[in-house]
Amino acid sequence: MRAIVYGRYGQPDELRVEDVPVPEPKADQVLVEVVATSVNLTDWEGLTGRPAYARIGSGLRRPGKRVLGSDIAGVVSAVGREVTEFAPGDAVFGDNLWIKGGFAEFAVIPEKALAPKPDTLSFAQASVIPQTGAIARHGTADVRAGDRVLINGGGGGSGSFAIPLAKRAGAHVTAVDNAGKLDFMRSLGADEVIDYREVDFTATGQRYDRILDLVASRSVFSYRRALSPGGVYQCVGGSVPTMLRLLTAGTIVGRLSGRRIGVLGVKDGPEGFGPVTELCASGDLDVHVDRTYALEDVPEALARIGEGLTLGKIVIEVRS
Ligand SMILES: NC(=O)c1ccc[n+]([C@@H]2O[C@H](COP(=O)([O-])OP(=O)(O)OC[C@H]3O[C@@H](n4cnc5c(N)ncnc54)[C@H](OP(=O)(O)O)[C@@H]3O)[C@@H](O)[C@H]2O)c1
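Residues numbered from 1 in each chain as written. Predicted model: local features only at pLDDT ≥ 70, side-chain atom pairs only at ≥ 80, totals over all residues. Heavy atoms only, no water.

**Q** Where do I start with the domain arrangement of the protein chain in this structure?
**A** Accessible area lost during the coming together of the parts is what is often quoted as the interface size. Taken domain by domain, the protein chain consists of domain 1 (2–129 + 287–317) and domain 2 (132–263). The straight-line distance from the C-alpha centre of domain 1 to that of domain 2 is 27 Å. The interface is formed by 15 residues belonging to domain 1 together with 19 residues belonging to domain 2. For the pairing of domain 1 and domain 2, the buried interface totals around 1100 Å² over both sides, and the portion due to carbon and sulfur atoms is 63%. The largest contributions to the domain 1 side of the interface with domain 2 come from Y53, H288 and L311, which together make up 39% of the buried area. Taken together, the connections running from domain 1 to domain 2 amount to 0 salt bridges. The interface formed by domain 1 and domain 2 contains 6 residue pairs in polar contact (both at pLDDT 80 or more). Residue classes in the side of domain 1 that touches domain 2 are distributed as 9 nonpolar, 5 polar and 1 charged. (Domains from an automatic or database assignment. Contact = heavy atoms within 4.5 Å. Buried area = accessible area lost by both parts, 1.4 Å probe. Salt bridge = Lys/Arg side-chain N within 4 Å of Asp/Glu carboxyl O. Polar contact = N/O pair within 3.5 Å; in protein donor to acceptor, adjacent residues only side chain to side chain. Nonpolar A, V, L, I, M, F, W, Y, C, P; charged D, E, K, R; others polar.)

See below:
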């Protein structure tokens, strides 16, 4: 089968098309013929090896997993002997974050990471949902009507679900991203937008009841300053030193100041992305596809992400 492989952490020019063997599903795994796969920030992080946590489970010096690609949608081709929920021919989708291998014609994925694809969603649309849908859902789960919510990195994949979810809950939403994504975030429902290259949202004097940070990079004290009393700051990704500080000093500073500061635990699998899937399948939440590319154009797709041009998500159409 054709797959996009790489052997060194680096830039998109490390990626090449190669013929590799079709993977064999283990007892609890499903072999999926991939129809569409969406590109996540985690793929960019896996390609570059930065932040350092992107190397966990792959390789510290060289990538042990040679094929990237987490979110897949396709058709079951074979199942391991312990698989009970799926059979060949089923249309499925899921997040293969721990095994990866989605930038290929076939991928193996644990049964528990998969869900049946709703008929109302195309394979491309379904492939957009798992990873970012789960993050957005968990990141907005406790938002209440009237909350002042800030979403940092709101113009990407998770933000394109999180902004409308926070609006549905009745919040006043401020969304932060680069200047090229401000109109997009307004179109998603953001009441106010901030260009992160021009304005530090923690230094404006504004205070928020909830901050969902997709790309944390600031000090614990900056985040505390931007929270109202009783407010909650949670990050899901960012630089490793920042995340370590949030897990340690953040917890203490939060407690001492009557706020909560920390890292958001995201439940993966259908339990995590199911609620967003239901809203998308019923037409109550839009799926935003920035562009689609063919499998051999994965390097170009990743370069677009690296250049900061993507509005929402990019989809790779592996099989037309
Ligand atoms: N906790 C978990 O279980 C879990 C699982 C998977 C992923 N993650 C993490 O969750 C995050 C997912 O984000 P995503 O999929 O929504 O990524 P995304 O689609 O790349 O969106 C991130 C957005 O943040 C913007 N950005 C970059 N630097 C910024 C800054 N300093 N201030 C404000 N915005 C900035 C990016 O814009 P530019 O184009 O300008 O860079 C991009 O639009 C990643 O950090 C990933 O590592 C966590």
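Moving on, there is more to tell.
**Q** Would you mind going over the environment of G64 with me for this structure?
**A** Residue placement: G64 occurs in the loop between α1 (41–48) and β4 (71–79). Using a relative accessible area of 52% as the deciding quantity, one classes G64 as exposed. A sequence separation of 56 residues divides G64 from R8, and the C-alpha atoms of the two residues are 9.4 Å apart. Discounting residues that sit within four places of it in the chain, G64 has contacts with S58 and G59. (Helix = DSSP H or I, 4+ residues; strand = E, 2+ residues; numbered from the N terminus. Buried < 20%, exposed > 50% of the residue type's maximum accessible area, 1.4 Å probe, protein only.)

**Q** Any chance you could explain α1 here in plain terms?
**A** The periodicity of an α-helix, 3.6 residues per turn, causes residues three or four positions apart to be oriented the same way. Counting buried positions along α1 yields 6 of 8 residues, so the element is predominantly enclosed. Residues of α1 that are buried: D43, W44, E45, G46, L47 and T48. On its buried face, α1 is in contact with β3 (29–39) and α9 (298–306). Of the residues flanking the end of α1, it is G49, one or two places downstream, whose phi is positive at about 75°.

**Q** Is there a simple way to explain the environment of T277 in this structure?
**A** Structurally, the position occupied by T277 is in helix α8 (residues 270–281). C-alpha of T277 to C-alpha of R16: the two residues are 261 residues apart in sequence and 32 Å apart in space. If we skip the residues at most four places from it in the chain, T277 touches F93, P118, L121 and I129.

**Q** Which parts of the structure should I look at to understand the packing of α1 against α9?
**A** When two helices pack together, their arrangement is given by the angle between the helix axes and by the axis-to-axis distance. One way to put it is that α1 packs onto α9 with a least axis distance of 10 Å and a crossing angle of 100°. Judged by the angle between their axes, α1 and α9 are roughly perpendicular. Seen from α1, the contacting residues are D43, W44 and L47; seen from α9, they are L302, I305 and G306. When the residues that make up the contact of α1 with α9 are grouped by side-chain class, the tally is 4 nonpolar, 1 polar and 1 charged. (Axes fitted to C-alpha atoms, helices over the stretch in contact; angles between N-to-C directions. Parallel < 35°, antiparallel > 145°, perpendicular 65-115°, else oblique.)

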